[in-house]
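Geometric and topological summary
Now for the letters of each chain:
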Amino acid sequence: MKNIITVQHTQSVHHTNGMVGSWTDWDLTELGRTQADHIGKKLRDELDGKDVVVYSSDLKRAKQTAEEITKYLWIEPILRQELRERNLGKCCGKSVQWLRENIERPENTVDDRLFSDGESRRDAWNRLKPFYDEVIEGDDENIIIVSHGDLLSIWNAMYLGLPVESYYEVDIHGPAGGVSHMIISDDGKHRVRHINDMSYIL
């Protein structure tokens, strides 16, 4: 059996100042650090006595969330660029308002890019897929993955066996601090115990 716990990073500075997240390297807010600390305590209690591996995006807001969690597990997070948020190109470092006013191409399909130097959803899918396969096919039984909203929505679709083209029909997208628990049983069945559970941040 394989237990996979995904954590969307907690409150980041860009959640409070109207700026784009994406690959802009924002820190957590003080509230975000407190939320991540609470997640860590609860996961410590759930995973007591188990061997755990933690993977995290290398962007600060995810890395800092992972560090708050792993201090209770006495391990270090493994940083993976594949877990970065979707790259939105030239709007990184700019405001959400600027993004809305300067979109080059609406996202009507998974191959459209808001900005020519950014990633489409298919690009992000293809970036994540080798890591997903590594986790699913690996020997680790208890895995925590700390990432971002767009990337975890893609993870959720992969886990449910949906194709990338399903994105605009099915989108399982959670808020900052959401914790999901997925279980792959010995017969290969993919189960979801809970999705985007916000009780962990309290």
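Keep in mind that this is a model prediction, so the values were computed, not measured. (Residues numbered from 1 in each chain as written. Predicted model: local features only at pLDDT ≥ 70, side-chain atom pairs only at ≥ 80, totals over all residues. Heavy atoms only, no water.)

The subject of this paragraph is the pattern of salt bridges. Evaluated as defined, the whole model comprises 20 salt bridges. Notably, a salt bridge pairs Arg105 with Asp112, separated by 2.7 Å at the nearest N-O pair. A salt bridge links Arg121 to Glu107, with the shortest nitrogen-to-oxygen separation between them at 3.7 Å. With Arg121 in helix α5 (residues 121-137) and Glu107 in the loop between α4 (96-102) and α5, this pair connects stretches of sequence that are 14 residues apart. Comparing Arg121 with Glu107, the two get one shared label, buried. Via salt bridges that share partners, Arg33, Asp37, Lys41, Glu68 and Lys71 belong to a single interconnected network. (Salt bridge = Lys/Arg side-chain N within 4 Å of Asp/Glu carboxyl O. Helix = DSSP H or I, 4+ residues; strand = E, 2+ residues; numbered from the N terminus. Buried < 20%, exposed > 50% of the residue type's maximum accessible area, 1.4 Å probe, protein only.)

Viewed as axis vectors pointing N to C, α5 and helix α6 (residues 149-159) meet at an angle of 60°, and their least axial separation amounts to 10 Å. Between α5 and α6, the angle is such that the two are oblique. Viewed along their axes, α5 and α6 form a crossing whose handedness is right-handed. Where α5 abuts α6, its residues Arg121, Ala124, Trp125, Arg127, Leu128, Lys129, Phe131, Tyr132 and Val135 lie against Asp150, Leu151, Ile154, Trp155, Ala157, Met158 and Tyr159. Its residues assigned to classes, the contact of α5 with α6 shows 12 nonpolar, no polar and four charged. (Axes fitted to C-alpha atoms, helices over the stretch in contact; angles between N-to-C directions. Parallel < 35°, antiparallel > 145°, perpendicular 65-115°, else oblique. Left-handed = near helix turned anticlockwise from the far one by under 90°. Contact = heavy atoms within 4.5 Å. Nonpolar A, V, L, I, M, F, W, Y, C, P; charged D, E, K, R; others polar.)

This part takes up the pairing of strand β5 (residues 179-184). For β5, the buried fraction is high: six of the six residues fall into the buried class. Alternating positions in β5 separate into two faces, Val179, His181 and Ile183 on one and Ser180, Met182 and Ile184 on the other, with burial throughout. As defined by bridge partners, strand β1 (residues 2-8) adjoins β5 across six bridges and the pair is classed as antiparallel. If you follow Thr6 over to β5, its bridge partner there is Ser180. One ladder, built from five bridges, connects β5 with strand β6 (residues 190-197); its direction is antiparallel. Its bridge partner lying in β6, Val179 is registered against Asp197. (Pairing = 2+ DSSP bridges.)

The next point concerns the packing of helix α2 (residues 30-46) against helix α3 (residues 60-70). What describes two packed helices is the angle between their axes and the distance between those same axes. Direction vectors running N to C along α2 and α3 enclose 40°, while the axes themselves pass 7 Å from each other. The angle between α2 and α3 places the two elements in the oblique class. For α2 against α3, the interelement crossing comes out right-handed. Contacts between α2 and α3 pair Arg33, Ala36, Asp37, Ile39, Gly40 and Leu43 from the former with Gln64, Thr65, Glu68 and Ile69 from the latter. Residue composition of the contact of α2 with α3, grouped by class: four nonpolar, three polar and three charged.

Across soluble globular proteins, nonpolar side chains have a tendency to be buried as a group. Of all hydrophobic cores here, the largest spans 24 residues; its most connected members are Ile4, Leu128, Phe131 and Trp155. Looking at this core, the elements that each hand over two or more residues are β2 (53-56), α5, β4 (142-147), α6 and β5. Here this core takes seven residues from α6, the largest share from any one element. If sequence neighbours within four positions are ignored, Trp155 has contacts with Ile4, Thr6, Leu128, Phe131, Tyr132, Val135, Ile145 and Met182. Membership of the second largest hydrophobic core comes to 16 residues, among which are Leu47, Leu73, Ile144 and Ile201. (Core = buried A, V, L, I, M, F, W, Y, C linked by side-chain atoms within 4.5 Å.)

Right, let's talk about the sheet that holds β1 for a bit. Read from one edge to the other, the open sheet built from six strands follows the order β3-β2-β4-β1-β5-β6, with strand pairing classed as mixed. Here the strands that pair on one side only, and so sit at the sheet edges, are β3 (78-79) and β6. Strands in contact with α6 are β1, β4, β5 and β6; relative to β1, the strand with the most contacts, it is inclined by about 155°.

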